[in-house]
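# Observations on chain architecture
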Amino acid sequence: MRDERGFSLIEVLAALLILTLVITMSLAAFVERNKRLRQASEIILAYQALANEAEYRRRIDYNALEAASAQFISDTTLLAPLAPFGTAVRVDRTQPNVKNVTMTVRWKNGQREARLALVRADTGGTNLW
Amino acid sequence: MVNRRAAGYTLLEVIVAMAVFGLFLLILGVLTVEMRAQEKRLPVNFLRHPQIVVVISKLRRDVLDGHGAKPYRSSFGGYTQSAKTLIIESVQENGGVQTIVWDFRTPGEVHRHAYTVGVPSDWTARGLPADFSNSLVVGAVGIPGRPWGVRVKAQDGNGRIAIDQILQPRAHE
(Lines give C-alpha, C1' and ligand atoms only; values in the text may rest on other atoms or scores of the structure.)
Protein backbone atom coordinates (compact mmCIF):
# COMPACT_ATOMS: atom_id res chain seq x y z
CA MET A 1 0.00 0.00 0.00
CA ARG A 2 1.28 3.43 -0.93
CA ASP A 3 1.01 4.90 2.63
CA GLU A 4 3.43 2.28 3.95
CA ARG A 5 6.17 3.04 1.46
CA GLY A 6 7.59 6.06 3.24
CA PHE A 7 9.24 8.97 1.36
CA SER A 8 11.92 8.75 -1.27
CA LEU A 9 15.20 10.59 -0.83
CA ILE A 10 14.09 13.10 -3.47
CA GLU A 11 10.95 13.86 -1.49
CA VAL A 12 12.92 14.37 1.72
CA LEU A 13 15.46 16.61 -0.02
CA ALA A 14 12.64 18.62 -1.59
CA ALA A 15 11.06 19.09 1.85
CA LEU A 16 14.41 20.15 3.34
CA LEU A 17 14.92 22.57 0.45
CA ILE A 18 11.58 24.22 1.17
CA LEU A 19 12.40 24.39 4.88
CA THR A 20 15.81 25.84 4.06
CA LEU A 21 14.24 28.52 1.87
CA VAL A 22 11.81 29.51 4.60
CA ILE A 23 14.56 29.69 7.24
CA THR A 24 16.90 31.58 4.90
CA MET A 25 14.28 34.20 4.06
CA SER A 26 13.37 34.67 7.73
CA LEU A 27 17.00 35.00 8.70
CA ALA A 28 17.71 37.36 5.82
CA ALA A 29 14.97 39.68 7.08
CA PHE A 30 16.36 39.44 10.61
CA VAL A 31 19.93 40.13 9.48
CA GLU A 32 18.84 43.09 7.35
CA ARG A 33 16.92 44.58 10.27
CA ASN A 34 19.94 44.22 12.55
CA LYS A 35 22.24 45.67 9.93
CA ARG A 36 20.07 48.77 9.62
CA LEU A 37 19.84 49.18 13.39
CA ARG A 38 23.63 48.90 13.62
CA GLN A 39 24.08 51.44 10.85
CA ALA A 40 21.66 53.78 12.61
CA SER A 41 23.68 53.47 15.83
CA GLU A 42 26.92 54.12 13.94
CA ILE A 43 25.46 57.21 12.28
CA ILE A 44 24.22 58.54 15.63
CA LEU A 45 27.77 58.28 17.00
CA ALA A 46 29.26 59.86 13.87
CA TYR A 47 26.88 62.80 13.85
CA GLN A 48 27.44 63.54 17.52
CA ALA A 49 31.17 63.75 16.76
CA LEU A 50 30.48 65.92 13.70
CA ALA A 51 28.26 68.29 15.67
CA ASN A 52 30.91 68.59 18.40
CA GLU A 53 33.59 69.35 15.82
CA ALA A 54 31.35 71.97 14.23
CA GLU A 55 31.33 73.89 17.53
CA TYR A 56 35.13 74.18 17.34
CA ARG A 57 35.18 75.09 13.64
CA ARG A 58 32.60 77.82 14.19
CA ARG A 59 35.01 79.65 16.42
CA ILE A 60 38.14 79.54 14.25
CA ASP A 61 38.88 82.88 12.67
CA TYR A 62 37.59 83.10 9.10
CA ASN A 63 41.03 83.79 7.66
CA ALA A 64 42.62 80.93 9.62
CA LEU A 65 40.21 78.21 8.52
CA GLU A 66 42.52 76.71 5.88
CA ALA A 67 45.48 76.67 8.25
CA ALA A 68 43.60 74.76 10.95
CA SER A 69 44.10 71.02 11.39
CA ALA A 70 42.71 68.81 8.64
CA GLN A 71 41.77 66.30 11.35
CA PHE A 72 39.17 66.71 14.08
CA ILE A 73 40.22 68.97 16.93
CA SER A 74 37.45 67.81 19.24
CA ASP A 75 37.51 64.69 21.40
CA THR A 76 36.64 61.63 19.29
CA THR A 77 36.59 59.03 22.07
CA LEU A 78 32.92 58.60 21.25
CA LEU A 79 33.91 57.07 17.91
CA ALA A 80 35.93 54.24 19.47
CA PRO A 81 33.36 51.57 18.52
CA LEU A 82 33.84 52.53 14.85
CA ALA A 83 37.60 51.95 14.98
CA PRO A 84 39.47 51.99 12.76
CA PHE A 85 37.98 55.30 11.67
CA GLY A 86 39.30 58.46 10.07
CA THR A 87 38.34 62.10 10.34
CA ALA A 88 38.89 64.85 7.82
CA VAL A 89 38.10 68.53 7.45
CA ARG A 90 38.13 70.30 4.10
CA VAL A 91 37.72 74.03 3.50
CA ASP A 92 36.43 75.29 0.14
CA ARG A 93 35.91 78.89 -0.86
CA THR A 94 32.55 78.91 -2.63
CA GLN A 95 32.15 82.69 -3.00
CA PRO A 96 34.49 85.63 -2.35
CA ASN A 97 33.43 85.90 1.30
CA VAL A 98 32.02 82.47 1.95
CA LYS A 99 33.75 79.20 2.81
CA ASN A 100 32.35 75.73 3.22
CA VAL A 101 33.89 73.69 6.01
CA THR A 102 33.12 70.04 5.34
CA MET A 103 33.75 67.61 8.17
CA THR A 104 33.85 63.89 7.44
CA VAL A 105 34.02 60.71 9.48
CA ARG A 106 34.87 57.50 7.63
CA TRP A 107 34.82 53.99 9.01
CA LYS A 108 34.68 50.38 7.82
CA ASN A 109 37.73 51.01 5.66
CA GLY A 110 36.08 54.02 4.05
CA GLN A 111 32.95 52.16 3.03
CA ARG A 112 30.81 54.14 5.47
CA GLU A 113 30.91 57.90 5.70
CA ALA A 114 29.08 60.73 7.48
CA ARG A 115 29.50 64.38 6.57
CA LEU A 116 28.48 67.71 7.97
CA ALA A 117 29.09 70.99 6.18
CA LEU A 118 29.36 74.34 7.88
CA VAL A 119 29.05 77.57 5.94
CA ARG A 120 31.29 80.34 7.22
CA ALA A 121 30.91 83.93 6.04
CA ASP A 122 33.46 86.71 6.37
CA THR A 123 31.53 89.30 8.33
CA GLY A 124 34.48 91.64 8.37
CA GLY A 125 34.27 91.93 12.12
CA THR A 126 34.95 89.71 15.07
CA ASN A 127 33.43 86.28 15.32
CA LEU A 128 30.09 85.94 16.99
CA TRP A 129 30.18 83.12 19.44
CA MET B 1 10.67 -10.19 0.26
CA VAL B 2 10.41 -6.55 1.31
CA ASN B 3 9.82 -4.06 -1.47
CA ARG B 4 12.70 -1.57 -1.69
CA ARG B 5 10.22 1.32 -1.61
CA ALA B 6 8.69 0.05 1.61
CA ALA B 7 12.02 -0.44 3.33
CA GLY B 8 12.51 3.25 4.28
CA TYR B 9 15.88 5.00 3.82
CA THR B 10 19.31 3.56 3.83
CA LEU B 11 21.72 4.88 6.42
CA LEU B 12 23.64 6.61 3.66
CA GLU B 13 20.53 8.44 2.44
CA VAL B 14 19.72 9.70 5.93
CA ILE B 15 23.31 10.79 6.53
CA VAL B 16 23.44 12.69 3.24
CA ALA B 17 20.16 14.49 3.96
CA MET B 18 21.17 15.37 7.52
CA ALA B 19 24.64 16.48 6.42
CA VAL B 20 23.19 18.91 3.87
CA PHE B 21 20.82 20.38 6.43
CA GLY B 22 23.50 20.40 9.13
CA LEU B 23 25.86 22.31 6.87
CA PHE B 24 23.15 24.88 6.29
CA LEU B 25 22.50 25.25 10.03
CA LEU B 26 26.23 25.61 10.65
CA ILE B 27 26.46 28.49 8.17
CA LEU B 28 23.48 30.18 9.83
CA GLY B 29 25.04 29.72 13.26
CA VAL B 30 28.37 31.20 12.22
CA LEU B 31 26.68 34.20 10.58
CA THR B 32 24.52 34.85 13.65
CA VAL B 33 27.48 34.69 16.04
CA GLU B 34 29.45 37.06 13.81
CA MET B 35 26.53 39.46 13.65
CA ARG B 36 26.14 39.48 17.44
CA ALA B 37 29.85 40.16 17.88
CA GLN B 38 29.58 43.17 15.58
CA GLU B 39 26.59 44.50 17.50
CA LYS B 40 28.32 44.22 20.86
CA ARG B 41 30.96 46.69 19.74
CA LEU B 42 28.41 49.48 19.64
CA PRO B 43 26.93 51.19 22.69
CA VAL B 44 23.22 51.11 23.42
CA ASN B 45 21.64 53.79 21.28
CA PHE B 46 20.02 55.96 23.95
CA LEU B 47 18.93 58.43 21.30
CA ARG B 48 16.30 55.96 20.11
CA HIS B 49 14.45 56.57 23.36
CA PRO B 50 11.86 59.32 22.73
CA GLN B 51 12.10 60.79 26.24
CA ILE B 52 15.89 61.02 26.03
CA VAL B 53 15.63 62.76 22.67
CA VAL B 54 13.24 65.29 24.20
CA VAL B 55 15.53 65.85 27.20
CA ILE B 56 18.59 66.45 25.00
CA SER B 57 16.62 68.67 22.61
CA LYS B 58 15.23 70.88 25.36
CA LEU B 59 18.60 71.04 27.09
CA ARG B 60 20.26 72.03 23.80
CA ARG B 61 17.70 74.79 23.27
CA ASP B 62 18.25 76.14 26.78
CA VAL B 63 22.05 76.17 26.42
CA LEU B 64 22.06 77.64 22.92
CA ASP B 65 19.87 80.43 24.26
CA GLY B 66 22.20 80.99 27.21
CA HIS B 67 22.13 84.62 28.28
CA GLY B 68 25.39 86.54 27.85
CA ALA B 69 28.96 85.34 28.12
CA LYS B 70 28.44 83.84 31.60
CA PRO B 71 25.02 82.23 31.62
CA TYR B 72 25.74 79.79 34.46
CA ARG B 73 24.96 80.43 38.10
CA SER B 74 26.77 78.61 40.87
CA SER B 75 23.56 78.10 42.82
CA PHE B 76 19.88 78.94 42.69
CA GLY B 77 16.80 78.09 44.72
CA GLY B 78 18.55 75.49 46.85
CA TYR B 79 20.27 73.89 43.86
CA THR B 80 24.02 73.90 43.30
CA GLN B 81 25.82 73.64 39.99
CA SER B 82 27.21 70.10 39.73
CA ALA B 83 27.72 67.15 37.40
CA LYS B 84 24.11 66.18 38.02
CA THR B 85 22.60 69.66 38.12
CA LEU B 86 22.83 72.39 35.52
CA ILE B 87 21.77 75.93 36.36
CA ILE B 88 21.59 78.27 33.39
CA GLU B 89 20.05 81.61 32.51
CA SER B 90 18.38 81.36 29.16
CA VAL B 91 16.79 83.92 26.87
CA GLN B 92 13.11 83.46 26.20
CA GLU B 93 11.26 84.16 22.95
CA ASN B 94 9.95 87.46 24.36
CA GLY B 95 13.48 88.59 25.23
CA GLY B 96 13.11 87.96 28.94
CA VAL B 97 15.52 85.81 30.88
CA GLN B 98 14.60 82.57 32.59
CA THR B 99 16.65 80.79 35.22
CA ILE B 100 16.50 77.08 34.46
CA VAL B 101 17.57 74.23 36.70
CA TRP B 102 18.14 70.84 35.11
CA ASP B 103 18.10 68.18 37.77
CA PHE B 104 19.43 64.76 36.74
CA ARG B 105 19.77 63.33 40.24
CA THR B 106 16.62 61.19 40.39
CA PRO B 107 17.11 57.72 38.84
CA GLY B 108 14.86 57.29 35.82
CA GLU B 109 13.76 60.93 35.81
CA VAL B 110 14.93 64.31 34.61
CA HIS B 111 13.43 67.47 36.05
CA ARG B 112 13.51 70.91 34.43
CA HIS B 113 12.55 73.76 36.71
CA ALA B 114 12.20 77.09 34.93
CA TYR B 115 11.83 80.32 36.91
CA THR B 116 10.53 83.44 35.25
CA VAL B 117 10.64 86.40 37.63
CA GLY B 118 10.60 83.87 40.45
CA VAL B 119 7.55 82.03 39.14
CA PRO B 120 8.38 78.33 38.62
CA SER B 121 7.18 76.00 35.91
CA ASP B 122 8.24 72.38 35.98
CA TRP B 123 8.67 69.74 33.33
CA THR B 124 9.59 66.14 34.03
CA ALA B 125 10.73 63.27 31.84
CA ARG B 126 10.01 59.85 33.30
CA GLY B 127 10.74 56.27 32.40
CA LEU B 128 14.33 56.90 31.43
CA PRO B 129 16.72 53.94 31.32
CA ALA B 130 18.61 53.42 34.59
CA ASP B 131 21.96 53.32 32.78
CA PHE B 132 21.23 56.71 31.24
CA SER B 133 20.23 58.30 34.55
CA ASN B 134 23.10 56.80 36.50
CA SER B 135 25.85 57.66 34.05
CA LEU B 136 24.70 61.04 32.76
CA VAL B 137 27.04 63.85 33.69
CA VAL B 138 26.99 67.50 32.75
CA GLY B 139 30.40 69.10 32.45
CA ALA B 140 31.97 72.26 31.15
CA VAL B 141 33.84 72.53 27.88
CA GLY B 142 36.02 75.46 26.97
CA ILE B 143 36.47 76.55 23.38
CA PRO B 144 38.85 79.52 23.12
CA GLY B 145 37.03 82.80 22.58
CA ARG B 146 33.61 81.44 23.43
CA PRO B 147 31.58 81.22 26.63
CA TRP B 148 31.90 77.94 28.49
CA GLY B 149 29.87 75.24 26.79
CA VAL B 150 28.07 72.29 28.28
CA ARG B 151 29.21 68.77 27.61
CA VAL B 152 26.64 66.05 28.19
CA LYS B 153 27.92 62.51 28.47
CA ALA B 154 26.20 59.22 29.17
CA GLN B 155 27.41 55.64 29.05
CA ASP B 156 25.57 52.39 28.59
CA GLY B 157 25.67 49.52 31.10
CA ASN B 158 28.99 48.30 29.69
CA GLY B 159 30.71 51.65 30.09
CA ARG B 160 30.64 52.55 26.40
CA ILE B 161 30.00 56.21 25.63
CA ALA B 162 26.56 56.50 24.07
CA ILE B 163 26.02 60.25 24.32
CA ASP B 164 28.72 62.88 24.10
CA GLN B 165 27.41 66.25 22.99
CA ILE B 166 28.86 69.71 23.22
CA LEU B 167 26.20 72.38 23.59
CA GLN B 168 27.45 75.91 23.06
CA PRO B 169 25.63 79.16 23.83
CA ARG B 170 25.00 81.34 20.79
CA ALA B 171 25.27 85.10 20.59
CA HIS B 172 21.96 86.91 20.87
CA GLU B 173 23.08 90.46 20.28
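## Considerations on the overall build of chain B
Helices and strands together make up the secondary structure of chain B, namely three helices and nine strands. Listed N to C, the secondary structure of chain B is α-α-β-β-β-β-β-β-α-β-β-β in terms of helices and strands. Its C-alpha atoms give chain B a radius of gyration of 28 Å, clearly above 16 Å, the size a compact globule of 173 residues would have. Within chain B, the proportion of its 173 residues that are buried is 22%. At a minimum sequence separation of 6, the contacts of chain B that also span at least 24 residues come to 41%.

## Details of helix α1 (residues 11-41) of chain B
Over its 31 residues, α1 of chain B runs 45 Å from end to end, which matches the ideal 45 Å to within 8%, given 1.5 Å per residue. Within α1 of chain B, only zero of the 31 residues are buried, leaving the element largely exposed.

## Here we look at the interface of chain A and chain B
Taken together, the 28 residues of chain A in the interface contact 33 residues of chain B. Of the residues that constitute the side of chain A that touches chain B, the class distribution is 14 nonpolar, eight polar and six charged.

## A look at the sheet that holds strand β6 (residues 119-125) of chain B
All names here are of chain B. As summarised here, the arrangement of the four strands in space is β3-β4-β5-β6, forming an open sheet in which the pairing is antiparallel. The sheet is open, and its two edges are formed by β3 (85-91) and β6, each paired on a single side. Sheet twist, expressed as the mean angle between neighbouring strand axes with direction ignored, is 20°. The sheet contact formed by strand β4 (residues 97-103) and strand β5 (residues 110-116) spans five bridges and is antiparallel. Bridging across to β5, W102 finds its partner in R112.

Cut-off values and rules
Residues numbered from 1 in each chain as written. Chains lettered and ligands numbered in written order. Predicted model: local features only at pLDDT ≥ 70, side-chain atom pairs only at ≥ 80, totals over all residues. Helix = DSSP H or I, 4+ residues; strand = E, 2+ residues; numbered from the N terminus. Rg over C-alpha atoms; globule rule 2.2 N^0.38 Å. Buried ≥ 20, exposed ≤ 12 C-beta atoms within 10 Å, placed from the backbone. Contact = placed C-beta atoms within 7 Å. Expected span 1.5 Å × (residues − 1). Nonpolar A, V, L, I, M, F, W, Y, C, P; charged D, E, K, R; others polar. Pairing = 2+ DSSP bridges. Axes fitted to C-alpha atoms, helices over the stretch in contact; angles between N-to-C directions.

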